[in-house]
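Per-entry structural report
Single-letter residue listing:
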Amino acid sequence: MKFCESVFIISVFIQLVSTELSSYNFPENFVFGVATAAYQIEGAFNEDGKTDSIWDYNLHKKPDWVIDQGNGDVACDSYHKWEEDIQLIANLGVDFYRFSIAWTRIFPSGYAGSKINDAGVIYYNKLIDGLLAKGITPMVTIYHWDLPQNLQRNGGWMNETIVDNYVFYARTLFELYGDRVKHWITFNEPFQICESGYSETDLAPFLNDSGVGGYICAHNLLISHGRAYREYERTFKQNQGGKVAITAHSFWFEPQGESDSDRAAAERAMQFWYGWFMHPVIKGNYPPIMIERIDEISQKEGFQKSRLPKFTEGQIEMIRGSFDFIGVNHYTTALASISNNFNEPSFYFDGGVNRTEDSNWVKSSTSTWLNKVPWGLRKLLNWIKQEYNNPPVLITENGWSSSTGLEDSRRVSYLNEYLSELLKAIHEDECNVIGYTHWSLLDNFEWLKGYTARFGLVEVDFNNPDRTRTPRKSYGVYQKIISSRKIN
Ligand code: NOJ
């Protein structure tokens, strides 16, 4: 056999092996959901008393942050079309719908104790009641990136007074909706909120305070999470019987090669990206490797003290164990190796990890960071099991980004293959995964990618004032997986 023939046969074989789907069933109690977030779908940015969030404010001021100059002013217009959305969710057959509440609709000034906005309260009451009427469990994300601009004026997540404001807001939601909402996510993706928003310019408020802002933001955010969790536990849990969690994003980091240094870089990356948030919540305090490295590097850089803030003993105890399950947003895998080739001070220099990808991975055409690497999900779930003693894990997001078009076969294979690895993690590795949430129900405002990157099981026509919704092929495939409880 000629060399090129054997290469061809091997590559076909690899493809067949990698796409072989699991025939396991989803366990009886396993739940399926679909997710969205307020700024990405609601629109009605200035209706009924709502004020500007950091996204409204920044994108109005500087539309060029976004690739197509889009923004969330109208988005999917779900503020008006929520009934149609509920119908789509019901037809899909999911158990739950994960959506977020816009802080600026509830408290236009953002501040604790300020005047509550009744129209905003009513909107989410209608949504929650509408879901329940169709047998869909509501799961609420309390904060999905849309901080009131009025609080950002005062430093936002970098000012410790944010903690009282956030806890008051969270407490208000428990009071208003906790009789019907039993699943709460305090924060969506703290890494993106803090590192991307305060130390870089990837997300609002685009502060670019490298190596400093992200850590301060994360510190205040973790204290806010812990306090909100304890508030629920103390005041509401007994009567309402709900569950509270935090959702962090995680890549799976695979060592680039076989060397010890690549292996160490991959483990360090897991601790820096994911452990930064989950270590305090599950084990108490930041991962030791972060504390050591940032202390040492800060000293060398001539800072008076570590750029990584310190928790008090009381705070460590308060945050440790502040979860009823853990939320994981997982989309893709990266290869890790050692590197010091970064600006200082920065999170990246502190971590010392170079991130690359394998050129053979199937790449999303619209989200450059997104590759299809299904086995990464299984490895991630096993890492969580080992590292954190097998806590209940809910996949709170997973999905594929395409461009327009209803025949989304790449999303279909992504969905099938990721779920297949998930089934193996449950059945063969005994990972404690309790459910799966697909991102997203609808095409929506994909942050700096605007409307160019489409994540929806349902296509939305953003040129049509009606924002017409049309289910894609993947919608039918997910529907069938849910009803048959297996991959077909
Ligand atoms: C994570 C975020 O939570 C969500 O807002 C975003 O649209 C998706 N990932 C896709 O990038």
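Presented here is an overview of the structure given in this document. (Residues numbered from 1 in each chain as written. Predicted model: local features only at pLDDT ≥ 70, side-chain atom pairs only at ≥ 80, totals over all residues. Heavy atoms only, no water.)

Digging into the overall build of the chain
Each helix and strand in the chain was counted, giving 17 helices and 15 strands. Here the chain has a C-alpha radius of gyration of 22 Å; the compact-globule value for 488 residues is 23 Å, and the two agree. Based on the C-alpha atoms only, the size of the chain along its principal axes is roughly 75 × 55 × 45 Å. Across the 488 residues in the chain, those meeting the buried criterion constitute 59%. Put simply, 77% of the contacts in the chain that link residues at least 6 apart link residues at least 24 apart. Carbon and sulfur atoms provide 51% of the accessible area of the chain, an area that totals close to 19,000 Å². Computing the positive centroid from 46 side-chain charges and the negative centroid from 60, the chain places the two 2 Å apart. (Helix = DSSP H or I, 4+ residues; strand = E, 2+ residues; numbered from the N terminus. Rg over C-alpha atoms; globule rule 2.2 N^0.38 Å. Buried < 20%, exposed > 50% of the residue type's maximum accessible area, 1.4 Å probe, protein only. Contact = heavy atoms within 4.5 Å. Areas by Shrake-Rupley, 256 points an atom, 1.4 Å probe, with all protein chains shown as cover. Lys, Arg positive; Asp, Glu negative; His and termini not counted. Charge placed at Lys NZ, Arg CZ, Asp CG, Glu CD.)

Some words on the side chain of N444
With respect to the helices and strands, the residue N444 is situated in the loop between β13 (433–439) and β14 (458–460). For N444, a relative accessible area of 1% corresponds to the buried category. Of the polar contacts made by the side chain of N444, one reaches the side chain of S440; its length is 3.1 Å. Setting aside residues no more than four positions away along its own chain, N444 makes contact with Q40, I41, C76, W439, G450, Y451, A453 and F462. (Polar contact = N/O pair within 3.5 Å; in protein donor to acceptor, adjacent residues only side chain to side chain.)

What to know about the sheet that holds strand β12 (residues 393–397)
Here we have eight strands rolled up into a closed barrel, ordered β1-β2-β3-β4-β5-β7-β12-β13, and parallel in their pairing. Going from strand to strand, the sheet's axes swing by 25 degrees on average, the running direction of each strand aside. Inspection of the sheet shows strand β3 (residues 137–141) paired to strand β4 (residues 183–188) by three bridges, in the parallel sense. Its bridge partner lying in β4, V140 is registered against W184. Contacts between helix α9 (residues 190–199) and the sheet are confined to β4 and β5 (243–249), with β5 contributing the most and set at about 45 degrees to the helix. (Pairing = 2+ DSSP bridges. Axes fitted to C-alpha atoms, helices over the stretch in contact; angles between N-to-C directions.)

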